[in-house]
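# Overview (structure and organization)
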Amino acid sequence: MSTYDVLRHFADSWALVVMGAIFLALCIWPFRSGGKASGAEAANSIFTEDHDG
């Protein structure tokens, strides 16, 4: 088998599984237990007043 065939087989199998796992982790990340506080802080950060002098 050539290098291309080996890399193609890897991309079609395990790389797809890894990308799927990363996608699911990123979709679930905002719903973790500490996510609500940091999400609210990020959502309201544009309303804080900055006094630059």
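Keep in mind the model is a prediction, meaning the values are calculated, not measured. (Residues numbered from 1 in each chain as written. Predicted model: local features only at pLDDT ≥ 70, side-chain atom pairs only at ≥ 80, totals over all residues. Heavy atoms only, no water.)

## Points about the overall build of the protein chain
Selection criterion: Only runs of H or I of at least four residues qualify as helices and only runs of E of at least two qualify as strands under DSSP, and these elements are numbered from the N terminus. For a compact globule the rule gives 2.2 Å times the number of residues to the power 0.38, and the radius of gyration it is set against comes from C-alpha atoms.
Of the regular secondary structure elements, the protein chain holds three helices and zero strands. Helices and strands appear in the protein chain in the N-to-C order α-α-α. Relative to the globule expectation of 10 Å for 53 residues, the C-alpha radius of gyration of the protein chain, 21 Å, shows a markedly less compact shape. In terms of overall dimensions, the protein chain has a C-alpha envelope of 65 × 30 × 10 Å along the principal axes.

## A few points about the environment of S38
Defined as follows: Buried means the residue's accessible area, taken with a 1.4 Å probe over protein chains only, is under 20% of the maximum for its type, while exposed means over 50%, and partly exposed covers the values in between.
With respect to the helices and strands, S38 occurs in helix α3 (residues 35-44). Look at S38 and you get partly exposed, because its relative accessible area is 36%. Along the chain, S38 and E49 lie 11 residues apart, while their C-alpha atoms are 19 Å from each other.

## With respect to the pattern of salt bridges
Put simply, the rule is: Just to be clear on terms, a salt bridge is a Lys or Arg side-chain nitrogen sitting within 4 Å of an Asp or Glu carboxyl oxygen.
If you walk through the whole model with that rule in mind, you get one salt bridge. D12 is the partner of R8 in a salt bridge, and the nearest nitrogen-oxygen pair spans 3.2 Å. Here R8 and its partner D12 are both found in helix α1 (residues 3-12), four residues apart, which amounts to about one turn of the helix. Given the relative accessible area of 43%, R8 is considered partly exposed.

## Some words on the packing of α1 against helix α2 (residues 14-28)
Just so we agree on the cut-off: Every angle, taken between N-to-C directions, lies between 0 and 180 degrees, and every axis is a line fitted to C-alpha atoms, over only the stretch in contact when it is a helix. Two residues form a contact once any of their heavy atoms are found within 4.5 Å.
Direction vectors running N to C along α1 and α2 enclose 35 degrees, while the axes themselves pass 3 Å from each other. Along its contact with α1, which presents F10, A11 and D12, the element α2 presents W14, A15 and L16.

## A closer look at the confidence of the model for the protein chain
The predicted coordinates of low-pLDDT regions are not to be read in fine detail. Operational definition: Confidence scores here are pLDDT values: one per residue, from the predictor, ranging 0 to 100.
When pLDDT is averaged across the protein chain, the result is 86; 94% of the residues are at 70 or more. Here α3 stands out as the least confident element of the protein chain, with mean pLDDT 83; α2 is the most confident, with 92.

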